[in-house]
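What the coordinates show
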Amino acid sequence: MALTPKERMAIPRQQMPEREPEERNQDFKEVNLGFDESIAKLEADRCLQCKNSKCVPGCPVGIDIPAFLERISAGDLKGAAEILLDANALPGITGRVCPQEEQCEKVCIRAKGKNGEPVAVGHLERYVADWARENLDIKTLLADPTGIKIAIVGSGPAGLTCAGELAKKGHDATIFEALHKPGGVLTYGIPEFRLPNKIIESEVDRLREMGVKIICNVVIGRTFTIDELLDEEGFQAVFVANGAGLPIFMNIPGENLKGVYSANEYLTRSNLMGAYEFPKMDTPIIKGKHVVVIGGGNVAMDSVRTAKRLGAEEATLVYRRSRKEMPARDEEIHHAEEEGIIFKLLCNPIRYLGAEDGWVKGVECIQMELGEPDDSGRRRPIPIEGSEFIIDCDVAIPAIGTRANPLLSQATPDLKLNRWGYIEADENGMTSKEGVWAGGDIIRGAATVILAMGDGKQSAAEIDKWVREKAGLQPVG
Ligand code: FAD
Ligand code: SF4
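Throughout this document, residue positions are counted from 1 along each chain, in the order its sequence is written. The lettering of chains begins at A and the numbering of ligands begins at 1, in the order of writing. Predicted model: local features are reported for residues with pLDDT of at least 70 only, side-chain atom pairs are reported and counted for 80 or more only, and whole-chain, interface and lining totals are derived from all residues. As a convention, hydrogens and water are excluded, and side-chain values are obtained from all of the structure's heavy atoms.

Considerations on the site of ligand 2
With respect to spatial proximity, the complete set of residues near ligand 2 consists of Cys47, Leu48, Cys50, Ser53, Cys55, Pro66, Leu69, Cys108 and Ile109. When residues are grouped by polarity, Ala, Val, Leu, Ile, Met, Phe, Trp, Tyr, Cys and Pro land in nonpolar, Asp, Glu, Lys and Arg in charged, and all others, Gly among them, in polar. Looking at side-chain class alone, the shell around ligand 2 contains 8 nonpolar, 1 polar and no charged residues. Each residue is tested against the molecule or strand, and it is near if at least one of its non-hydrogen atoms lies within 4 Å.

Topic: the sheet that holds strand β6 (residues 290–294)
Pairing is parallel across the open sheet formed by 4 strands, whose spatial order is β8-β7-β6-β13. Among the strands making up the open sheet, the edge pair consists of β8 (342–344) and β13 (395–398). Between one strand and the next, the sheet's axes are offset by a mean angle of 20°, whatever the strand orientation. The pairing of β6 with strand β7 (residues 314–318) spans 5 bridges and is classified as parallel. Note on β7: the bridge partner recorded for Ile294 is Val318. In short, DSSP must find at least two bridges between two strands for them to pair. Elements are defined by DSSP. Helices are runs of H or I of four residues or more, strands are runs of E of two residues or more, and each kind is numbered from the N terminus. For every element, the axis is a line fit to its C-alpha atoms; helices are fit only across the contacting stretch, and the angle between N-to-C directions ranges from 0 to 180 degrees.

Brief notes about the pairing of strand β4 (residues 237–240)
Neither face of β4 is left uncovered, since the one carrying Ala237 and Phe239 and the one carrying Val238 and Val240 both have all their residues buried. Across 4 bridges, the pairing between strand β1 (residues 149–153) and β4 is parallel. Pairing of Val153 across the sheet is with Val240, part of β4. When β4 meets strand β15 (residues 436–438), the two strands line up parallel, connected through 3 bridges. Its bridge partner lying in β15, Val238 is registered against Val436. Burial classification: accessible surface area is computed with a 1.4 Å probe over protein chains only, and a residue below 20% of its type maximum counts as buried, one above 50% as exposed, and the rest as partly exposed.

Considering unusual backbone geometry
A cis amide bond links Phe278 to the next residue, Pro279, at an omega of 10°. Its place among the elements puts Pro279 in the loop between α13 (263–272) and β6. In the Ramachandran plot, Asn217 falls in the positive-phi region, its phi being about 60° despite a non-glycine side chain. Among the structural elements, Asn217 can be located in the loop between β3 (213–215) and α12 (226–231). Overall, the relative accessible area of 53% leaves Asn217 in the exposed class.

A few points about helix α15 (residues 330–338)
Given 3.6 residues per helical turn, the α-helix brings residues three or four places apart onto the same face. Among the residues making up α15, those that are buried are Glu331, Glu332, Ile333, His335 and Ala336. Gly340 sits one or two positions beyond α15 and adopts a positive phi of about 90°.

Let's talk about the site of ligand 1
Around ligand 1, a shell composed of 34 residues is seen, among which Val97, Glu177, Arg194, Ile220 and Asp441 lie nearest. In protein, a polar contact means a hydrogen-donor-capable atom and an acceptor-capable atom, both N or O and within 3.5 Å, with residues adjacent in sequence counting only if both atoms are side-chain atoms; elsewhere, any N or O pair within 3.5 Å suffices. Ile220 has a polar backbone atom sitting 2.8 Å from a nitrogen atom of ligand 1. Within the backbone of Ala447, one N or O atom sits 3.2 Å away from an oxygen atom of ligand 1. All accessible-area figures derive from a Shrake-Rupley calculation using a 1.4 Å probe, and residue coverage is judged against the displayed protein chains alone. Summarising the interface, the protein chains cover 92% of the accessible area of ligand 1, which totals 1,000 Å² for the free molecule.

Topic: the packing of α13 against helix α14 (residues 298–309)
Packing of α13 against α14 brings their axes to within 10 Å, and their N-to-C directions diverge by 55°. In this view, α13 runs oblique relative to α14, as classed from their interaxial angle. In the packing of α13 onto α14, the handedness of the crossing is left-handed. Residues Ala263, Tyr266, Leu267 and Ser270 of α13 form the contact with α14, whose participating residues are Val299, Asp302, Ser303, Thr306 and Ala307. For the contact of α13 with α14, the per-class residue count stands at 5 nonpolar, 3 polar and 1 charged. Orientation categories follow fixed angle ranges, with anything under 35 degrees roughly parallel, anything over 145 roughly antiparallel, 65 to 115 roughly perpendicular, and all other angles oblique. Handedness of a helix crossing follows the sense of rotation of the near helix relative to the far helix, less than a right angle counterclockwise being left-handed and clockwise being right-handed. Every residue pair with non-hydrogen atoms within 4.5 Å of one another is taken to be in contact.

Let's talk about the sheet that holds β4
With parallel pairing, the 5 strands of this open sheet are ordered in space as β3-β2-β1-β4-β15. Edge positions in the open sheet fall to β3 and β15, since each of these has one partner strand only. Across the sheet, the axes of successive neighbouring strands diverge by a mean angle of 20°, strand direction being ignored. Packing against the sheet, helix α9 (residues 157–168) makes contact with β1, β2 (172–176), β3 and β4, and its axis sits at approximately 165° to β2.

Here we look at the pattern of salt bridges
Whenever Lys or Arg places a side-chain nitrogen within 4 Å of a carboxyl oxygen from Asp or Glu, that contact is recorded as a salt bridge. Scanning the model with the defined rule gives 39 salt bridges in all. Measuring nitrogen to oxygen at the nearest pair gives 2.7 Å for the salt bridge that ties Asp172 to Lys213. Residue Asp172 is located in strand β2, and its partner Lys213 is located in strand β3; the two are separated by 41 residues in the primary sequence. Among the charged side chains, a network of salt bridges with common partners joins Glu18, Arg24, Arg194, Asp302, Arg305, Arg309, Arg329, Glu331, Glu332, Glu338 and Glu339.

Quick look at the domain arrangement of the chain
Residue ranges for the domains originate in an automatic or database domain assignment. The domains assigned to the chain are domain 1 (5–135), domain 2 (149–245 + 403–471) and domain 3 (249–400). Taking only C-alpha atoms into account, the centre of domain 1 sits 28 Å from that of domain 2. Each partner contributes residues to the interface: domain 1 has 24 residues there, and domain 2 has 24 residues. In this description, buried area is defined as the sum, over both parts, of the accessible area (probe of 1.4 Å) that is lost when the two are combined. Here domain 1 meets domain 2 over a buried area of about 2,100 Å², counting both sides, of which 70% is carbon and sulfur. One can count 0 salt bridges joining domain 1 with domain 2. Applying the counting criterion to the domain 1 and domain 2 interface returns 7 residue pairs in polar contact (both at pLDDT 80 or more). Breaking the side of domain 1 that touches domain 2 down by element, the ones donating at least two residues are α5 (77–87), α6 (91–97) and α8 (121–135).

Written out as structure tokens, the structure reads:
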């Protein structure tokens, strides 16, 4: 019998079961254990099935969230999985890394009021995606093959989603990836304790089963240019999703000392190259005893938690604003606190100190206070004169952001860039170059997985329309 709204309101938000902090900060196994059937059903029962649900427009890929939750409540996990996969090609990933508290869960009606708590849409997404992976052979309906070849540059969430959508529409989609493994930041950046590789591999395999081709170790702009793809390799259109993976440094003294890693290099060594298993794996990593990570976003949080797992006695996060302004996902900040990460807030590095042998031995920081809000809407950090102090360290990791790598744009001079070096694209992803679309971090600057996926989906719809019109083919439904 259906629950009344009052009965639904009486159910408290269900907590995600997780491993104990002292155990999990010693290894790279996943922190969250996932809902079981009874918890998932109870959580889904909390949904009020709103007529004008705010959660759906709150989701960048437009999952029909109430319908999906209703199927879980009814015990129909196959139905729930079909709704999920119809809108989202990578639900096992987004269920783990989306900032839901800023999207669907932020606008959920149940989040309203002083003690309001949104329906745990993300945790349920993860539950259904994991169930489907173990139990279901979902065959996605593919349109009749068109024989039209479309190239995708980069296999991060934008490229994977675009390729999957194009394959559904019957096109011959080929992804070119510079690294030796697909997944973009999902594979080289986000550690296994948040997003296990097997989840990425299985979601990539599903795309391969749909006919998506992935060719690794190909750098577009070097191995082929975009013009060569269009003029010589038979591709009718190109979607550029090469991300924004070039690290930014602070340009403070001592950044060239040994033991100062960019977060990108540190995480790539550990995640992509498996350095945490050195010498079983070939790539080494410096396992500092006192590691300082600078920044307050997901990248900083992943780096400092990795350092702890690599054996740091003290893993310290230095962030120039307060906890409230930290851009990292709430759950990651909370997990980092539980795992014994030291937070030095309202504090900014001004130089790295080196020992005689050229290795970093400390970071000099200055205390900050918050002033008026800046362009980002967050309160501006202002240094407090005379408050300098030193944190001893043997590894320091700046994780203060990334920008576009100019390699591809330099080889494609007719691709218009904005003043920060990102590709200019309209709301449908169309660039200044005919036949070329772009999406994800390369048009937005460092953003999120789901926004990159939304771009991939949007551009795929536009590319489909454009190539069909050019080839004189009927649109698909
Ligand atoms: P990317 O994921 O960067 O993928 C681009 C791909 O293109 C890469 O594989 C790259 O090797 C390839 N490439 C680059 N140049 C070329 C070329 N010339 N030829 C061929 N291939 C090329 N977002 C969240 O929503 N939640 C999180 O928890 C989160 N955590 C993060 C943690 C870290 C450590 C980092 C770095 C980012 C995190 N983000 C998170 C941000 C998110 O991962 C990115 O916004 C997202 O991956 C962008 O997707 P993309 O497809 O545009 O690019
Ligand atoms: Fe359910 Fe919240 Fe969406 Fe309403 S807003 S339909 S309660 S998930």
